[in-house]
Amino acid sequence: MTTFARRARISSLALNDCIVLEGRPCRIAEKYPNGYNKLFIAAMDLFTGECYERNIDVRERFDVPHVFRVHYKLVNISEDGQVTLLSRSGAIRSGLKLPNSELGETIKRQFNELLKEGGLDFEFNNNFQVTVTQSMGEEHITSFGVWEDDA
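Residue numbers run consecutively from 1 along every chain, following the written order of its sequence. Two thresholds apply to this predicted model, a pLDDT of at least 70 for residue-level local features and 80 or more for giving and counting side-chain atom pairs, whereas whole-chain, interface and lining totals are computed over all residues. Hydrogens and water are ignored here; the side-chain numbers use all heavy atoms of the structure.

Caption draft 1: Inspection of the pattern of salt bridges at higher detail. One speaks of a salt bridge when a side-chain nitrogen belonging to Lys or Arg is within 4 Å of a carboxyl oxygen belonging to Asp or Glu. Applying the stated criterion to the full structure yields six salt bridges. Of the charged contacts in the structure, one is a salt bridge between R24 and D45, with a shortest N-O distance of 2.7 Å. Remark: D45 occurs in strand β4 (residues 38-45) and R24 occurs in strand β3 (residues 24-33); sequence separation between them is 21 residues. According to the relative accessible area criterion, R24 is buried, its value standing at 19%. By relative accessible area, which is 4% here, D45 ends up buried. Here E60 and R54 are joined by a salt bridge, their closest N and O atoms 3.4 Å apart. Working definition: helices are DSSP H or I runs of at least four residues, strands are E runs of at least two. Numbering for both runs from the N terminus. Categorising residues by exposure relies on relative accessible area from a 1.4 Å probe, with only protein chains included: less than 20% of the type maximum marks a residue as buried, more than 50% marks it as exposed, and the intermediate range marks it as partly exposed.

This is the structure:
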């Protein structure tokens, strides 16, 4: 699998499209004209949240990275922050750590609260899910959610 999907002119990309800036996969957060044949762009790193700002020529080309998101059920969080995940196909996945950020603390706190309340039934209805985002050889947990049963 290649790291980059294609190269594209910045003028052809829209808000929320992904580009590579400073060697990092980023999502375009802001883009507007800034002089003759110039654009201002602000892009957020997909994994660190760092913001990159640049004034660029509208004809400049950027790499557009492959970005994949996979949803997993969260099965366990170890003391050192390692997670055990369950894919839709039933495969167990381990080796990923919770992010060292507010997101990681929130996931841990809410997962433990649900576990104490008995709200997680691992055989049938564990609806505590995390999203793992993969791009440019990196993968991180980037979001989570708890869904109620439809029944």
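Moving on from the model shown.
Caption draft 2: Broad picture of the sheet that holds β3. Read from one edge to the other, the open sheet built from four strands follows the order β2-β3-β4-β5, with strand pairing classed as antiparallel. Taken across any chain shown, the strands that pair with only one partner, and hence form the sheet edges, are β2 (18-21) and β5 (51-57). Sheet twist, expressed as the average angle between the axes of neighbouring strands with direction ignored, equals 45°. The pairing of β4 with β5 spans seven bridges and is antiparallel. Paired with A42 across the bridge in β5 is E53. Strands qualify as paired when DSSP identifies two bridges or more between them. In this analysis, axes come from line fits to C-alpha atoms, helices being fitted only over the stretch in contact, and the angle between any two N-to-C directions falls in the range 0 to 180 degrees.

Caption draft 3: Just the sheet that holds strand β9 (residues 92-97), in detail. Reading across the sheet, the five strands line up as β9-β8-β7-β10-β11 and stay open at both edges, with antiparallel pairing between neighbours. Strands with a single pairing partner mark the edges of an open sheet, and in this sheet they are β9 and β11 (138-146). Between one strand and the next, the sheet's axes are offset by a mean angle of 40°, whatever the strand orientation. As paired strands, strand β7 (residues 68-77) and strand β8 (residues 82-86) are joined by four bridges and run antiparallel to one another. In the strand pairing of β8, K73 is matched with L86. Packing against the sheet, helix α1 (residues 102-117) makes contact with β7, β10 (128-135) and β11, and its axis sits at approximately 45° to β11. The contact criterion used throughout is that any non-hydrogen atoms of two residues lie within 4.5 Å.

Caption draft 4: Structural detail: the pairing of β4. Burial of β4 is extensive: six of the eight residues sit out of reach of the surface. Bridge count between β3 and β4: seven bridges; the pairing is antiparallel. Counted as the bridge partner of R27 is M44 from β4. A loop of four residues connects β3 with β4, the two strands running antiparallel in sequence, and G35 in this loop sits at a positive phi of about 105°. Between β4 and β5, which follow one another and run antiparallel, lie five residues, and G49 among them has a positive phi close to 80°.

Caption draft 5: A look at α1. Spanning 16 residues, α1 covers 23 Å between terminal C-alpha atoms, matching the ideal 22 Å at 1.5 Å per step. Along α1, the residues that are buried comprise G104, T106, I107, F111 and L114. For α1, the angular spread of buried residues about the axis comes to 160°, placing them on one side. Away from its buried face by more than 90 degrees, α1 exposes E102, E105, K116 and E117. Packing partners of the buried residues in α1 comprise β7, β10 and β11. Every helix has an expected span of 1.5 Å times one less than the residues it contains. Directions from the helix axis toward the C-beta atoms define the arc.

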